[in-house]
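Residue strings, one per chain:
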Amino acid sequence: MNKPLLSVVVTVYNEEENIQPLLKATYEALEGIDYELILVEDGATDGTVAEVKKYANERTKLIIFNKNYGQTTALAAGIDMAIGTYIATMDGDLQNDPTDIPTMLQKAMDEDWDVVAGRRANRKDGFVLRKIPSKIANWVIRNTTKVYLNDYGCTLRVYKAEIAQGMGLYGELHRFIPVLAKEQGARMTEMDVKHHPRIHGESKYGLSRTFKVMADLILMLFFQKYFQRPIHLFGGIGLIAFLVGVVINFYLLILKLIGEDIWGRPIMILGFILVLGGIQFITTGIIAEIIVRTYFESQDKKTYTVRSVFEGKAVKSEV
């Protein structure tokens, strides 16, 4: 297959009733575009696979997992298989509308954006269980990562292929894809997209995901600030703890020398804990630095990304 302009990656999990209308809507929306459609079936337990095989056309590929790995892993698998110049992602529950993809693709091409993210302008979800937690999560992520998007939960996005395939997706980091893209220096913009209420199937999201999102946010903040220099985090904490511990122990030593009984004082235990903890933090930072160097050097990875290279042409002298 020749390299298409666009690869569309759709994750599906127990979406049997949505497959036929999903494929029909996608084929109609992308008519006239050189594209491939990649469906990633994430360990479904219903008839999703059979429905895809029944209605898929020659542009459609289906990746079938042997079990449920989660949306992030499913997205990663689809993106890895994609061969298009641009990659679009969306959910398979019919809440995203594929008719938005051509407009987003055109915007990415005309204005040279690395990522065009969808923003659900009129979201059709429950207010208490979906909208409020999402708004809180968006606000927290936006103000802690300084990546200023309004809707981190919208899967409908268009990327340049090199950005999408360089993000290193794993775990449950799909909500933080804009942050991962920004770490590569991606230029991003948003545009309003349509959003539909779920008709078939059940939502896979809820309040139980809140704590997972907060834990992943801590990881993202570490990646943003200290991934390439972990000694700055662990070493800084370790030095402060060690120095405070030394000061406390020196103070206790003076008290001991002037004849006071210092045994059993809580501050003595605190001093020893701070000294030992400080040493552990410093050594952890050194080990983390070694691991980071191994990560980059063993795989010949670069610590930078080059957007483009310009070469000037020799100017002919006038006769």
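Refer to the structure above for everything that follows.
Residues numbered from 1 in each chain as written. Predicted model: local features only at pLDDT ≥ 70, side-chain atom pairs only at ≥ 80, totals over all residues. Heavy atoms only, no water.

Some details on the pattern of salt bridges
Close approach of charged atoms allows side chains with opposite charge to pair.
And then number 1: A complete count under the given rule lists 11 salt bridges for this structure.
And then number 2: Residue Lys 194 is joined to Asp 100 by a salt bridge in which the shortest nitrogen-to-oxygen separation is 2.9 Å. Of this pair, Lys 194 sits in the loop between strand 7 (188-193) and helix 8 (210-226) while Asp 100 sits in the loop between strand 4 (86-91) and helix 4 (101-111); the two residues are 94 residues apart in sequence, bridging distant segments of the chain.
And then number 3: Judged by its relative accessible area of 7%, Asp 100 falls in the buried class.
And then number 4: With a shortest N-O distance of 3.3 Å, Glu 111 and Lys 107 are connected by a salt bridge. (Salt bridge = Lys/Arg side-chain N within 4 Å of Asp/Glu carboxyl O. Helix = DSSP H or I, 4+ residues; strand = E, 2+ residues; numbered from the N terminus. Buried < 20%, exposed > 50% of the residue type's maximum accessible area, 1.4 Å probe, protein only.)

Remarks on the nonpolar core
And then number 1: Core analysis: the largest hydrophobic core is formed by 36 residues, its most contacted members being Met 167, Leu 169 and Phe 176.
And then number 2: Elements that contribute at least two residues to this core include exactly strand 2 (35-41), helix 3 (71-81), strand 5 (115-120), helix 5 (127-145), helix 6 (161-164), helix 7 (177-183) and helix 8.
And then number 3: Listed in part, the 29 residues of the second largest apolar core include Ile 19, Leu 39, Met 104 and Met 191. (Core = buried A, V, L, I, M, F, W, Y, C linked by side-chain atoms within 4.5 Å.)

Here we look at helix 4
And then number 1: Every buried residue of helix 4 is listed here: Ile 101, Met 104, Leu 105 and Ala 108. Down the axis of helix 4, the buried set is contained in an arc of 100°. They therefore lie on one face.
And then number 2: Those residues of helix 4 that are buried are in contact with strand 1 (6-12), strand 4, strand 5, strand 6 (157-160) and strand 7.
And then number 3: Asp 112 sits one or two positions beyond helix 4 and adopts a positive phi of about 55°. (Arc of directions from axis to C-beta. Contact = heavy atoms within 4.5 Å.)

Points about the pairing of strand 6
And then number 1: Residues Arg 157 and Tyr 159 line one face of strand 6 and the alternating positions Val 158 and Lys 160 line the opposite face, and both faces are buried.
And then number 2: Across 4 bridges, strand 4 lies against strand 6 in antiparallel orientation. The residue of strand 6 that forms the bridge with Thr 89 is Arg 157.
And then number 3: Note: strand 5 against strand 6, 3 bridges, orientation antiparallel. Paired with Ala 117 across the bridge in strand 6 is Arg 157. (Pairing = 2+ DSSP bridges.)

Looking at the pairing of strand 3 (residues 60-64)
And then number 1: Here strand 2 pairs with strand 3 via 5 bridges, running parallel. Directly across from Glu 41, in strand 3, lies its bridge partner Ile 64.
And then number 2: Following the backbone out of strand 2, through helix 2 (residues 48-55) and into the adjacent parallel strand 3, one traces a crossover that is right-handed. (Right-handed = clockwise from strand over helix to strand, strands pointing away.)

So, the packing of helix 9 (residues 230-257) against helix 10 (residues 266-298)
And then number 1: Interhelical geometry of helix 9 versus helix 10 gives an angle of 160° and a closest axis separation of 7 Å. By the angle between their directions, the pair helix 9 and helix 10 is classed as roughly antiparallel. Crossing geometry of helix 9 relative to helix 10 is assigned as left-handed.
And then number 2: Considered class by class, the residues forming the contact of helix 9 with helix 10 number 23 nonpolar, 8 polar and 1 charged. (Axes fitted to C-alpha atoms, helices over the stretch in contact; angles between N-to-C directions. Parallel < 35°, antiparallel > 145°, perpendicular 65-115°, else oblique. Left-handed = near helix turned anticlockwise from the far one by under 90°. Nonpolar A, V, L, I, M, F, W, Y, C, P; charged D, E, K, R; others polar.)

Topic: the packing of aromatic side chains
And then number 1: In the structure shown here, the tally under the stated rule is 4 aromatic pairs.
And then number 2: Ring centres 6.3 Å apart and planes at 55° place the aromatic pair Phe 222 and Phe 234 in the tilted group. Of this pair, Phe 222 sits in helix 8 while Phe 234 sits in helix 9, placing them 12 residues apart in sequence.
And then number 3: The ring of Tyr 35 carries Arg 59 above its face, with NZ or CZ at 4.8 Å from the centroid.
And then number 4: We note Arg 187 situated over the ring of Trp 113; from NZ or CZ to the ring centre the distance is 4.5 Å. (Phe/Tyr/Trp six-rings, centres within 6.5 Å; stacked < 30°, edge-to-face > 60°. Lys NZ or Arg CZ within 6 Å of the ring centre and 35° of its normal.)

Observations regarding the sheet that holds strand 7
And then number 1: With mixed pairing, 7 strands are arranged side by side in an open sheet as 3-2-1-4-6-5-7. Edge strands, defined here as strands with exactly one partner in the open sheet, are strand 3 and strand 7. Pairwise comparison of adjacent strand axes, ignoring direction, gives a mean angle of 20° for this sheet.
And then number 2: Examined bridge by bridge, strand 1 and strand 2 share 7 bridges and lie parallel to one another. If you follow Ser 7 over to strand 2, its bridge partner there is Glu 36.
And then number 3: Its contacts with the sheet put helix 1 (residues 19-29) on strand 1, strand 2, strand 3 and strand 4, and the angle it makes with strand 2 is roughly 160°.
And then number 4: Along the sheet, helix 3 makes contact with strand 1, strand 2, strand 3 and strand 4, crossing strand 1 at roughly 155°.

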